[in-house]
Amino acid sequence: QRESGAPVFHETDTAELEALLDFRLTGAQTRAIRDIAADVSRDIPMGRILVGDVGCGKTVCAAAAMLMAVRSGYQATLMAPTEILARQHAEDLIPLFLKLGIRCELLVGAMTASQKAKVRTRLAEGEIDIIIGTQALLTDTVEFPRLGLVVVDEQHRFGVEQRALLAKKGEHAHMLVMSATPIPRSMALALFGDLDMTRIDEIPPGRQKVDTFLVNESYRVRLD
C-alpha cells in the first residue's frame, strides 16, 4: 500500500507534445499515456512499469509524463543505465522539449567536474525542468527543489534500492519505469510486485520488427 502525499499533476493534456511529433500515437501508446495521467492525477505515488519491445514507443509515453510534471509545476528526471543510452535520450528529448519552452539537460559521469557543478547548481536553483542522466543522478550532490516524477529506463538494470534512492530526492515523487525485456505477467508480478504494469503491444507503422538472438563466442567480433 503506497502512502498518500504525492504531488497531484493538474495538467495532463499532452496535445502540445503530440502536435510536434511526425507520427501518430498508436492505440497502445494512447492507452499508456491515459494510464499515466490517471495515476499522476491522484496524491498516491504512481508506481507503473511500461513493458514493450524495442521500438514500440515507450520513450514518447515517458516524455508525455514528464510534460505533465513540468506543466504542473514540478521537475522530472530520466535515469538510464549507460551513458550511451542517456545521451541518446538527451539527443531526442532536449530539442523536443526546447520547442515547448521546457529546459532539459544532461548529467553524466564523463562530463568535467566544472560542467557537472554548473548543471547541479542550475538544477538545485530550479532553472532546469528535466534532467537526463545515469547513476550520477543518485549522488548526494544532486538536489531537486520540486521533483515530481522519476523515470527509469531499462528497469532490470537497476535495483529496487536505486529506484527508491532517486525517488527520495522528491516528496513521494511519482515513478515510471520502462523495460524492453519480454516478461510474462506472472514473472512481472513476482519481480515488480510494487508496480502496476502497462504493456505496449503495438509497433508504430513503418518500424521494423526487432529480432533477438542467442549467439556463441564465434560472434564476438561481429558484436564488437
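For the structure itself, look to the data block above.
Keep in mind that what you see is a predicted model, and the values were worked out from it rather than measured. (Residues numbered from 1 in each chain as written. Predicted model: local features only at pLDDT ≥ 70, side-chain atom pairs only at ≥ 80, totals over all residues. Heavy atoms only, no water.)

**Q** I keep staring at helix α2 (residues 27-40) and nothing clicks. Help me out?
**A** The periodicity of an α-helix, 3.6 residues per turn, causes residues three or four positions apart to be oriented the same way. Between its first and last C-alpha atoms α2 spans 20 Å; for 14 residues at 1.5 Å apiece the expected length is 20 Å, and the two agree. All of the buried residues in α2 are A28, Q29, A32, I33, I36, A37, D39 and V40. Buried positions along α2 lie against β1 (47-51), α3 (58-71), β6 (174-179) and β7 (196-199). (Helix = DSSP H or I, 4+ residues; strand = E, 2+ residues; numbered from the N terminus. Expected span 1.5 Å × (residues − 1). Buried < 20%, exposed > 50% of the residue type's maximum accessible area, 1.4 Å probe, protein only. Contact = heavy atoms within 4.5 Å.)

**Q** It is not clear to me how the sheet that holds strand β3 (residues 104-107) should be interpreted in this structure. Could you clarify?
**A** Either a parallel or an antiparallel arrangement is found when strands of a sheet pair, and the pairing is made through backbone hydrogen bonds. Strand order in the open sheet formed by 7 strands is β3-β4-β2-β5-β6-β1-β7, and the pairing between neighbours is parallel. Edge strands, defined here as strands with exactly one partner in the open sheet, are β3 and β7. Ignoring which end each strand starts from, the neighbouring axes of this sheet average 20° apart. Strand direction decides the pairing type here: β3 and strand β4 (residues 130-133), joined by 4 bridges, are parallel. From the neighbouring strand, L106 faces β4, where its bridge partner is I132. Most of the contacts of helix α4 (residues 83-99) go to β3, to which it runs at about 165°, and overall it touches β2 (75-79), β3 and β4. Each of β2, β3 and β4 touches helix α5 (residues 113-124); the most contacted strand, β3, lies at about 135° to it. (Pairing = 2+ DSSP bridges. Axes fitted to C-alpha atoms, helices over the stretch in contact; angles between N-to-C directions.)

**Q** What should I look at first to understand the nonpolar core in this one?
**A** Among soluble globular proteins, nonpolar side chains are generally buried collectively. Ranked by internal contacts, the top residues of the largest apolar core, which has 65 residues, are M66, F97, I130, I132, L149 and L176. Ignoring anything within four residues of it in the chain, the contact list for L149 reads F9, M46, A65, M66, A69, Q75, A76, T77, A173, H174 and L176. (Core = buried A, V, L, I, M, F, W, Y, C linked by side-chain atoms within 4.5 Å.)

**Q** Where do I start with the pairing of β4 in this structure?
**A** Note on strand geometry: in a regular strand, side chains alternate between the two faces of the sheet. With burial as the criterion, each face of β4 is covered, one bearing I130 and I132 and the other bearing I131 and G133. Note: β2 against β4, 4 bridges, orientation parallel. Bridging from a neighbouring strand, M79 pairs with G133 of β4. A crossover links β3 with its parallel partner β4, the connecting element being α5, and its sense is right-handed. (Right-handed = clockwise from strand over helix to strand, strands pointing away.)

**Q** Please clarify how unusual backbone geometry should be interpreted in this entry.
**A** Trans is the prevailing form of peptide bonds, just as negative phi is the prevailing case for residues other than glycine. Unusually for a residue other than glycine, H172 sits at a positive phi of about 55°. Looking at the secondary structure, you find H172 in the loop between α6 (160-167) and β6.

**Q** I keep staring at the packing of α3 against α4 and nothing clicks. Help me out?
**A** Across the interface, α3 lies against α4 with an axial gap of 12 Å and an inter-helix angle of 45°. Relative to α4, the element α3 lies oblique. The hand of the α3/α4 crossing is right-handed. Taking contact as the criterion, the partners of T59, A63 and M66 in α3 are, on α4, H89, L93 and F97. (Parallel < 35°, antiparallel > 145°, perpendicular 65-115°, else oblique. Left-handed = near helix turned anticlockwise from the far one by under 90°.)

**Q** Hey, could you run me through α5 in this one?
**A** For α5, spanning 12 residues, the distance from its first C-alpha to its last is 16 Å, which sits close to the expected 16 Å at 1.5 Å a residue. G126 lies just past α5 and shows a positive phi near 80°.

**Q** Help me understand the environment of R42, please; the structure alone is not making it clear to me.
**A** Take R42: it is sitting in the loop between α2 and β1. Judged by relative accessible area, R42 falls into the partly exposed class, the value being 40%. Measuring from C-alpha to C-alpha, the distance between R42 and F9 comes to 7.6 Å, with 33 residues separating the pair along the chain. Excluding residues within four positions of it along the chain, R42 makes contact with P7, V8 and H174.

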